Amino acid sequence: MKRIASFTINHNTLNPGVYVSRIDGDITTYDMRFIKPNTPPYLPNPVMHTIEHLFATYARNSEFAENVIYFGPMGCRTGFYFLVRELSEEQALGLIKETIKKCARHSGEIPGAAKIECGNYKEHDLDGALNALKKYDDLLTDYTVEDLKYK
């Protein structure tokens with residue numbers, strides 16, 4: 001079988017950050033890496049679940065809502081994939097940074113976390129998510145388009 005693109009990245013040298021994972025026509029997949037691979041502790045499932053709800057909600061309520069395709073967790077629990085359509089790298093990075101900042105400052109209820117809205121509504125951790133988001137926001141402060149390339 002053909003190896004998928006994400007398995008060709010050297011996870012021994014990959015650091016937290018944002019990277020262009022792949023480009024498929026007008027859709028770009030961003031690797032939003034919160035944790036250095038293979039270096040626990042990994043993001044707990046309730047933290048990831050809450051980040052997913054927050055980021056997806058804020059991104060889909062941004063000026064680029066129509067360009068947002070998907071935001072979801074990596075199975076390895078080190079980060080997320082973010083898919084957008086027809087955005088420049090500058091626009092996408094700006095959207096990521098702005099959305100992470102908004103998520104890190106979120107207060108109140110978790111969007112879409114009621115039993116009627118969510119298939120696992122009891123497994124959330126807002127405090128843990130806010131902590132992880134604040135660390136990631138700090139990491140992205142000086143991040144530029146030049147940093148989006150895997151090293």
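What you see is a predicted model, and the numbers here were worked out from it, not measured in a lab.

K.L.:
Before we move on, could you go through the pairing of strand S2 (residues 27-33) and cite the residues and values that matter?
P.N.:
Among the seven residues in S2, seven count as buried, and that is most of the element. By the alternation rule, side chains of S2 split into Ile27, Thr29, Asp31 and Arg33 and Thr28, Tyr30 and Met32, which are all buried. Pairing analysis gives seven bridges linking strand S1 (residues 17-24) to S2, with the strands arranged antiparallel. What sits directly across from Gly17, in S2, is Arg33. Linking S1 to S2, which pair antiparallel, is a turn of two residues; within it Gly25 sits at a positive phi near 65°. Pairing between S2 and strand S4 (residues 79-85): seven bridges, direction antiparallel. Residue pairing for S4: Met32 is matched across the bridge by Phe80.

K.L.:
Explain the sheet that holds S2 to me, and be specific about the residues and the numbers.
P.N.:
Strands sit in the order S1-S2-S4-S3 across an open sheet of four strands; the sheet is antiparallel. Two strands close off the open sheet at either side, each with one partner strand: S1 and strand S3 (68-73). Neighbour-to-neighbour, the strand axes of the sheet open up by a mean angle of 20°, direction not taken into account. Here helix H2 (residues 89-104) sits on the sheet and contacts S1, S2, S3 and S4; the angle it forms with S2, its principal contact strand, is near 40°. Running at roughly 80° to S1, helix H3 (residues 126-140) makes contact with S1 and S2 of the sheet.

K.L.:
Now, about the pattern of salt bridges: what can you tell me, with residues and values included?
P.N.:
Evaluated as defined, the whole model comprises six salt bridges. For Asp26, the salt bridge is made with Arg85, and the minimal N-O distance between the two is 3.0 Å. Within this pair, whereas Asp26 is found in the loop between S1 and S2, its partner Arg85 is found in strand S4, the two being separated by 59 residues in sequence. We classify Arg85 as partly exposed; its relative accessible area is 30%. Linking Lys149 and Glu89 is a salt bridge whose minimum nitrogen-to-oxygen distance equals 3.2 Å.

Rules used throughout
- Residues numbered from 1 in each chain as written.
- Predicted model: local features only at pLDDT ≥ 70, side-chain atom pairs only at ≥ 80, totals over all residues.
- Heavy atoms only, no water.
- Buried < 20%, exposed > 50% of the residue type's maximum accessible area, 1.4 Å probe, protein only.
- Helix = DSSP H or I, 4+ residues; strand = E, 2+ residues; numbered from the N terminus.
- Pairing = 2+ DSSP bridges.
- Axes fitted to C-alpha atoms, helices over the stretch in contact; angles between N-to-C directions.
- Contact = heavy atoms within 4.5 Å.
- Salt bridge = Lys/Arg side-chain N within 4 Å of Asp/Glu carboxyl O.

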